[in-house]
Amino acid sequence: MAAIWEDMVSLNSGKEPEFNILPPAAQHYEADERKKMFDHLDYREALARDTWPLPETQNREGYYGPHHFSFWASGFQDAKNLLDVADKYGVQVRDYLDIGCASGRVLRHMALNERGIRAVGCDINRLHVEWCNLYLPPQARVFHSSTIPSLPLADNSMDLVSAFSVFTHIEAFETAWLAELERVLRPGGLAWLTFHSEHTLTDMNENWPLWKPVMNYPNIGNVLDAERKFKGNRLVVRWQNERSYASNVFYKTDYLKNVWGRFFKVVEVRRRFPQFQDVMICRKRA
Ligand SMILES: C[S@@+](CC[C@H](N)C(=O)[O-])C[C@H]1O[C@@H](n2cnc3c(N)ncnc32)[C@H](O)[C@@H]1O
């Protein structure tokens, strides 16, 4: 099918969804061979409370392959980390936004949390948006956004914003995205933004999800040296040119601290937290 104009700035706008859904997370627990990874978390109550369906692997960006419980638990872990950091910095979370939420891996946990959080998500992929609005609990609402940095949300309306594995794929207008996130956050509000750093490249091995897309990139030998280091402040590995969400982006951490630090106060940088990507925890200045 010829490209339609919406798909210059979003994905799957013209597609009508046909989803098969999976039973709730508790039903996948026994069969999941990777569940031990999450043994350190106290997820029992949340697991009992979450009676909502799970997306099939193909409807969740491939996350955790056939390990459906692990997919659920990874979202639980990320939501817990968000709330722990909000508590640490004394932010009461009433309104939460997850940009690039896909089919709600993290959003579902924030919506189901006992704190009564109003959870909003957005994604450029219409199929993800449809999935969320069909199958997530009604406390979550999700809108279809575009790669143009503009959110239909009021100034100073969010206490907490997250972008998990999104700035890792934004190759254009990232500073406008920062300005947009700063606009919607309340003064003192927090942003949790994951990124690929120079360390991501040197740390990664064949078992990382990132390995194949980066190492199979046709010109990778021209942009990385033998130690997998790159020159300059930013490396964009772009595998398709004619559509959105088509690249992996890496930054030097000091460069990001400087640039993101102009939009927010950077309060923490955590490396490989909790798994592959680094995270910059930012705070809107009062
Ligand atoms: C690697 S997935 C991560 C999904 C989800 N955040 C998670 O951690 O499970 C990246 C998601 O971001 C979306 N995306 C990419 N660029 C975006 C943008 N500029 N605005 C909103 N969503 C975007 C993609 O459609 C995709 O669903």
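Located above this text is the structure these notes cover.
Residues numbered from 1 in each chain as written. Predicted model: local features only at pLDDT ≥ 70, side-chain atom pairs only at ≥ 80, totals over all residues. Heavy atoms only, no water.

Caption draft 1: How the structure looks around the site of the ligand. Lining the immediate surroundings of the ligand are 17 residues, of which Gly100, Arg105, Asp123, Phe164 and Tyr245 lie closest. Glutamate 61 has a polar side-chain atom sitting 3.5 Å from an oxygen atom of the ligand. Summarising the interface, the protein chains cover 97% of the accessible area of the ligand, which totals 600 Å² for the free molecule. (Near = heavy atom within 4 Å. Polar contact = N/O pair within 3.5 Å; in protein donor to acceptor, adjacent residues only side chain to side chain. Areas by Shrake-Rupley, 256 points an atom, 1.4 Å probe, with all protein chains shown as cover.)

Caption draft 2: Quick look at helix 5 (residues 174-184). For helix 5, every residue scored as buried is listed here: Glu174, Trp177, Leu178, Glu180, Leu181 and Val184. Projected down its long axis, helix 5 carries its buried residues within an arc of 165°, all on one side. Of the surrounding secondary structure, the elements contacted by the buried residues of helix 5 are strand 3 (95-99), strand 6 (158-163), strand 7 (185-197), strand 8 (234-238), strand 9 (247-251) and helix 9 (253-263). (Buried < 20%, exposed > 50% of the residue type's maximum accessible area, 1.4 Å probe, protein only. Helix = DSSP H or I, 4+ residues; strand = E, 2+ residues; numbered from the N terminus. Arc of directions from axis to C-beta. Contact = heavy atoms within 4.5 Å.)

Caption draft 3: Focus on the packing of aromatic side chains. For the structure shown, the criterion picks out 16 aromatic pairs. Look at phenylalanine 195 and tryptophan 260: their rings are 6.1 Å apart centre to centre, the planes differ by 70°, and that puts the pair in the edge-to-face class. Taken together, the residues span a long stretch of sequence, with phenylalanine 195 in strand 7 and tryptophan 260 in helix 9 at a distance of 65 residues. Residue phenylalanine 195 shares its accessibility class with tryptophan 260, and that shared class is buried. Stacked on the ring of phenylalanine 71, the Lys or Arg arginine 60 has its end atom at 4.6 Å from the ring centre. Of note, arginine 270 hangs over the ring of phenylalanine 273, and the distance from its end group to the ring centre comes to 4.7 Å. (Phe/Tyr/Trp six-rings, centres within 6.5 Å; stacked < 30°, edge-to-face > 60°. Lys NZ or Arg CZ within 6 Å of the ring centre and 35° of its normal.)

Caption draft 4: Representation of the pattern of salt bridges. Applying the stated criterion to the full structure yields 20 salt bridges. In this structure, arginine 271 and aspartate 203 form a salt bridge, with 3.1 Å as the shortest nitrogen-oxygen distance. Of this pair, arginine 271 sits in the loop between strand 10 (265-270) and strand 11 (278-283) while aspartate 203 sits in helix 6 (residues 198-203); the two residues are 68 residues apart in sequence, bridging distant segments of the chain. We classify arginine 271 as partly exposed; its relative accessible area is 45%. The residue arginine 272 makes a salt bridge to aspartate 203 at a minimum N-O spacing of 3.8 Å. Placement of the pair is arginine 272 in the loop between strand 10 and strand 11 and aspartate 203 in helix 6, with a sequence separation of 69 residues. A relative accessible area of 38% places arginine 272 in the partly exposed class. (Salt bridge = Lys/Arg side-chain N within 4 Å of Asp/Glu carboxyl O.)

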